[in-house]
Amino acid sequence: MSAQTIVVKKNEEESKELLNSSDPAPAPKSNFDLLAPFRYFTKSEQRNLTLYILGIMLYKFGLESINASMNGIIINRLYMYPKGLAKDDKSGIELNATAVGLNLACQVIGALTIGPLFKRFHAKNVLACAILGFATIV
């Protein structure tokens, strides 16, 4: 008997044992690793990336919270002044629609201008100016 025959018989015996056993077959290991690209960076770069991602997430959460708060304030004004504000005949619904449209327009303008700004200036400076400008407006 050759070595190949012995290996084939051994593999056949193992497959028969697996078929006869009551335990489920082990799940195949997945090759998907979410953190694999993250391991190419040094420890300090990993820490900086983590802080950067968390900062962006918190900024986005704050931005959406402010938008929702402003929308709530406008809707509250709608119930307080159903026929419009003192000098205006605009109703709260029109005011709310204007504010939502302005918000979306500002998001579009910001998304279009951020790319060229990143190419020309350092990303940290662009983000710092954007956050400072947003804080000043609010």
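Throughout, residues of each chain are indexed from 1 in the direction in which the sequence is written. Local features in this predicted model are restricted to residues of pLDDT 70 or higher, and side-chain atom pairs are both shown and tallied only at a pLDDT of 80 or more, whereas totals for entire chains, interfaces and linings draw on every residue. Only heavy atoms go into the side-chain values, all of them from the structure, while hydrogens and water stay out.

Student: If you had to explain the overall build of the protein to someone new, which residues and values would you point to?
Tutor: The secondary structure content of the protein amounts to four helices and zero strands. Seen in sequence order, the protein has helices and strands lined up from the N terminus as α-α-α-α. With a 1.4 Å probe rolled over the protein chains alone, any residue whose accessible area is under 20% of its type maximum counts as buried; one over 50% counts as exposed, and the rest are partly exposed. The 138 residues of the protein split such that 6% are buried. At a minimum sequence separation of 6, the contacts of the protein that also span at least 24 residues come to 33%. A run of H or I in DSSP counts as a helix once it spans at least four residues, and a run of E counts as a strand once it spans at least two, with each numbered from the N terminus. Residue contacts are counted whenever heavy atoms from the two residues lie within 4.5 Å of one another.

Student: If you had to explain the pattern of salt bridges to someone new, which residues and values would you point to?
Tutor: Throughout this description, the term salt bridge denotes a Lys or Arg side-chain nitrogen within 4 Å of a carboxyl oxygen of Asp or Glu. Scanning the model with the defined rule gives one salt bridge in all. Between K60 and E64 there is a salt bridge; the shortest N-O distance is 3.0 Å. Residue K60 and its partner E64 are both found in helix α2 (residues 43-80); the two are separated by four residues, about one turn of the helix. Judged by relative accessible area, which is 41%, K60 ranks as partly exposed. Residue classification places E64 among the partly exposed residues on the basis of a relative accessible area of 36%.

Student: Can you break down the environment of Y79 residue by residue, with the values?
Tutor: Topologically, Y79 is positioned in helix α2. Residue Y79 is classed as exposed on the basis of its relative accessible area of 65%. Remark: the alpha-carbon pair of Y79 and I93, spanning 14 residues in sequence, is separated by 10.0 Å.

Student: Just give me the short version of the packing of α2 against helix α4 (residues 123-137), but keep the residues and values in it.
Tutor: Note on definitions: angles span 0 to 180 degrees between N-to-C directions of axes, and those axes are lines fitted to C-alpha atoms, for helices only across the stretch in contact. At a closest axis distance of 13 Å, the pairing of α2 and α4 adopts a crossing angle of 25 degrees. Compared by their axis directions, α2 and α4 come out roughly parallel. Remark: the crossing between α2 and α4 carries left-handed chirality. On α4, the residues touching Y52, Y59, L63 and I66 of α2 are L127, I131 and F134. Amino acids are sorted into nonpolar (Ala, Val, Leu, Ile, Met, Phe, Trp, Tyr, Cys and Pro), charged (Asp, Glu, Lys and Arg) and polar (every other residue, Gly among them). In terms of residue class, the contact of α2 with α4 is built from seven nonpolar, no polar and no charged. When an angle is under 35 degrees it counts as roughly parallel; over 145 it counts as roughly antiparallel; between 65 and 115 it counts as roughly perpendicular; any other value is oblique. Working rule for handedness: look at the near helix, and if it is turned counterclockwise from the far one by less than a right angle, call the crossing left-handed; if clockwise, right-handed.

Student: Now, about a nonpolar patch on the surface: what can you tell me, with residues and values included?
Tutor: Patch definition: residues with relative accessible area over 30% and no salt bridge; like charges joined within 9 Å; nonpolar side chains (Val, Leu, Ile, Met, Phe, Trp, Tyr) joined within 5 Å. Throughout, the Shrake-Rupley method with a 1.4 Å probe supplies accessible areas, and for residues the shown protein chains are the sole cover considered. Together, Y52, I53, L54, I56, M57 and F118 give the surface a local cluster of nonpolar side chains, amounting to about 560 Å² of exposed area. Looking at the nonpolar patch, the element that brings in the most residues is α2, giving five residues. Within the secondary structure, Y52 is located in helix α2. Classification of Y52 by relative accessible area gives partly exposed; the value is 39%.

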